[in-house]
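# What the coordinates show
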Amino acid sequence: MNLNTEYMGLQLRSPLVASASPLTSELPKLLALQDAGAGAVVLPSLFAEQIEAETHRNEALSNAGASSSPEARSYLLTPDTSQVQSYQYLDLVRQASSQLDIPVIASLNGVTEASWIDYARQIEDAGASALELNIYIIASDLTLSGRDIEQRYLNIVHAVRQQVRIPIAVKLGPYFSAPGHFAGELAAAGANGLVLFNRFYQPDIDTARLKIRNNLELSRSSEMRLPLLWMAILHGRINASLAATTGVHTTDDVVQYLLAGADVVMTTSALLEHGVGHMRTLVDGLSAWLESREMEGLHRMRGMLSQQNIPHPEEYQRANYIKILQGYETMSSRYAQPPPVRHI
Ligand SMILES: Cc1cc2nc3c(=O)[nH]c(=O)nc-3n(C[C@H](O)[C@H](O)[C@H](O)COP(=O)(O)O)c2cc1C
């Protein structure tokens, strides 16, 4: 089955993409994902914040050693950590880009505008096919309005767009008042693709130890409903490719996202759970689904059930919600009937 597809102008042999995670940080695993049918891979994010924190720690150590013996000082003056870490990342980009036949998408999480631009340029020079901007902002600064946060995103996209020629995707969270309008603004600012949605880390509280529990839960298929909704609303209405991320575990999940209108479907949790070979299960499952429907390519199914392609677009809106509630009301009123009165 021909699963060829296009994402941000890149030609992919399948719409299944391994999203950013530790799994995509090693060359052998990247090669295994390629063998298992992945259409592209997204490398884990280069986190500028971590690099800068390490650099400051290093500088503090070096300064602390300034008043001590020359031997101690030379011992403390290790090479600039930021160079080492970014060098390692760029090396991964270089190696992966030269050894893989499928597009290698790098990912960046910057801090300052300068860091976004600087690392974006270096990543392009290292040979990445595209760059995903992992813009991860939790709006915990209560002085910032929704518009302020949106403007930050737009400034980053605009700044990076001016500096690199490779396609750029923006991976964003769902917490915007009008995600559809904002998606259009991101595209106008120069984003070639939108990755919906980033799964923001949500901490948990350990009630026995009265501490924040920093455990990471892998996703479940049920979490795909929110990105699926926006995929369906945005399909065909925005000048950018759409990548679905969150909750892709089974062939049925892949098919749902494509029917809603995704150009590519990304997966991480399922690969962490079942191993990189699960990519093959998803790719083969998609082929089998298309064959069973006698569809000769993805173009036949993509966006078939997007909001603009269904007879009742309101099914993606509140009207449907009310209908479901009405269904519940009927059910609950049926079961909430008082027991029949017994006349003795
Ligand atoms: C262990 C782990 C590490 C991740 N690292 C990154 C990262 O470096 N950059 C990024 O943009 N997303 C990262 N993600 C998010 C995934 O790429 C993906 O968007 C998210 O897990 C939702 O997809 P899933 O339901 O298929 O897991 C990570 C996820 C996990 C579980």
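Shown above is the structure to which this text applies.
A few points on the structure.

Criteria and cut-off values
Residues numbered from 1 in each chain as written. Predicted model: local features only at pLDDT ≥ 70, side-chain atom pairs only at ≥ 80, totals over all residues. Heavy atoms only, no water. Near = heavy atom within 4 Å. Polar contact = N/O pair within 3.5 Å; in protein donor to acceptor, adjacent residues only side chain to side chain. Helix = DSSP H or I, 4+ residues; strand = E, 2+ residues; numbered from the N terminus. Nonpolar A, V, L, I, M, F, W, Y, C, P; charged D, E, K, R; others polar. Buried < 20%, exposed > 50% of the residue type's maximum accessible area, 1.4 Å probe, protein only. Arc of directions from axis to C-beta. Phe/Tyr/Trp six-rings, centres within 6.5 Å; stacked < 30°, edge-to-face > 60°. Pairing = 2+ DSSP bridges.

This part is about the site of the ligand. Surveying the vicinity of the ligand reveals 18 residues, the closest of which are Ala20, Ser45, Ser219, Gly247 and Ser269. The separation between an oxygen atom of the ligand and a polar main-chain atom of Thr268 is 2.9 Å. One of the side-chain nitrogen or oxygen atoms of Ser269 is found 2.5 Å away from an oxygen atom of the ligand. Contributions of two or more residues to the shell around the ligand are made by strand E4 (40-47) and helix H10 (269-274). The element best represented in the shell around the ligand is E4, accounting for three residues. Per-class residue counts for the shell around the ligand are six nonpolar, eleven polar and one charged.

Let's shift gears to helix H1 (residues 27-35). Among the residues making up H1, those that are buried are Leu27, Leu30, Leu33 and Gln34. Considered in projection along H1, the buried side chains sweep an arc of 120° and stay on one side of the axis. Exposed side of H1, more than 90 degrees from the buried face: Pro28 and Asp35 are the residues found there. One or two residues past the end of H1 sits Gly37, with phi positive at roughly 100°.

Considering all chains together, one arrives at five aromatic pairs under this definition. Taken together, the aromatic side chains of Tyr136, Tyr175 and Phe200 make up a single cluster linked through ring pairs.

The next point concerns the pairing of E4. Within a regular strand, the side chains alternate between the two sheet faces. Counting buried residues in E4 gives seven out of eight residues, a clear majority hidden from the surface. The pairing of strand E3 (residues 16-18) with E4 spans two bridges and is parallel. Each residue of the ladder has a partner; that of Ala18, found in E4, is Val41. As paired strands, E4 and strand E5 (residues 104-109) are joined by five bridges and run parallel to one another. Considered in E5, the bridge of Val41 is made with Val104.

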